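One letter stands for each residue in the lines below.
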Amino acid sequence: MATRPLDLIVIHCSATPNGRWTSTLDIDHWHAERGFRRDPSAAARFNPDLRSIGYHWVIYPNGARANGRHPSEVGAHARGVNSRSLGICLVGTDRFTYPQWGALLDQVRHLANTHHIPLRPADATNGYRGVCGHHELAGVNKACPGFEVADWLANDMLPLRDHLMELPK
Ligand SMILES: [Zn+2]
């Protein structure tokens, strides 16, 4: 259970080829290179093999969810709002599989319920309380997570057609 006030879920992508497997260990290495560092005591208690990863969850192309930082740990994924947010990373760039969309729906619903985070688009008008994509935050100049989270919420959190990765037949 998180012991810090949370009011925002930020969705990311790994910016790796759509549908290709990338593990939390890979992401951990990239985040280490960028200078991210988990608190050593927090890392010792939870996921000690991951010393740097900035996200709390990673969702793989097969829909499996892997933990990064513990939800009670401040992440390193969204400048300015890390202390009050949780970060979820979809593996891919802008197209995600049915299982990934399903896992995202499940995870975001669960977190919203557990932490009483409003299930609505977070934006400047509501002080960024709710759910948003990384690029929707002020001052972010990348496309992450490759789709509009507000569109996904408006679509009853069902897969967005233009961002659906077909599984190989
Ligand atoms: Zn991001």
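Quick summary incoming for the structure in this document. No experiment lies behind these values; they were computed from the predicted model shown. (Residues numbered from 1 in each chain as written. Predicted model: local features only at pLDDT ≥ 70, side-chain atom pairs only at ≥ 80, totals over all residues.)

**Observations concerning the pairing of strand 4 (residues 85-90)**
Alright, step 1. Extensive coverage of strand 4 is indicated by the burial of 6 of its 6 residues.
Alright, step 2. Taking every second residue as pointing to the same face, both faces of strand 4 are buried, with Ser85, Gly87 and Cys89 on one and Leu86, Ile88 and Leu90 on the other.
Alright, step 3. Inspection of the sheet shows strand 2 (residues 57-59) paired to strand 4 by 3 bridges, in the parallel sense. Opposite Val58, over in strand 4, you have Cys89 as the bridge partner. (Buried ≥ 20, exposed ≤ 12 C-beta atoms within 10 Å, placed from the backbone. Helix = DSSP H or I, 4+ residues; strand = E, 2+ residues; numbered from the N terminus. Pairing = 2+ DSSP bridges.)

**Observations concerning helix 3 (residues 98-115)**
Alright, step 1. The terminal C-alpha atoms of helix 3, which comprises 18 residues, lie 26 Å apart, in line with the 26 Å expected from a rise of 1.5 Å per residue.
Alright, step 2. Looking only at helix 3, the buried set comprises Gln100, Trp101, Ala103, Leu104, Val108 and Leu111. Buried residues of helix 3, viewed axially, fall in a sector of 160°; they line one side. In helix 3, the exposed residues that point more than 90 degrees away from the buried face are Arg109, His110 and Asn113.
Alright, step 3. His116 lies just past helix 3 and shows a positive phi near 55°. (Expected span 1.5 Å × (residues − 1). Arc of directions from axis to C-beta.)

**Describing the sheet that holds strand 3 (residues 65-67)**
Alright, step 1. Overall, mixed pairing links the 5 strands, which are arranged 3-2-4-1-5 in an open sheet. The sheet is open, and its two borders are formed by strand 3 and strand 5 (130-133), each paired with just one other strand. For this sheet, the mean inter-axis angle between neighbouring strands, taken without regard to orientation, is 25°.
Alright, step 2. By the bridge criterion, 6 bridges tie strand 1 (residues 8-13) to strand 4 in an arrangement that is parallel. Residue pairing in the sheet places Val10 in a bridge with Gly87 of strand 4.
Alright, step 3. Across the sheet, helix 3 touches strand 1, strand 2, strand 3, strand 4 and strand 5, and the angle it forms with strand 4 is around 170°. (Axes fitted to C-alpha atoms, helices over the stretch in contact; angles between N-to-C directions. Contact = placed C-beta atoms within 7 Å.)

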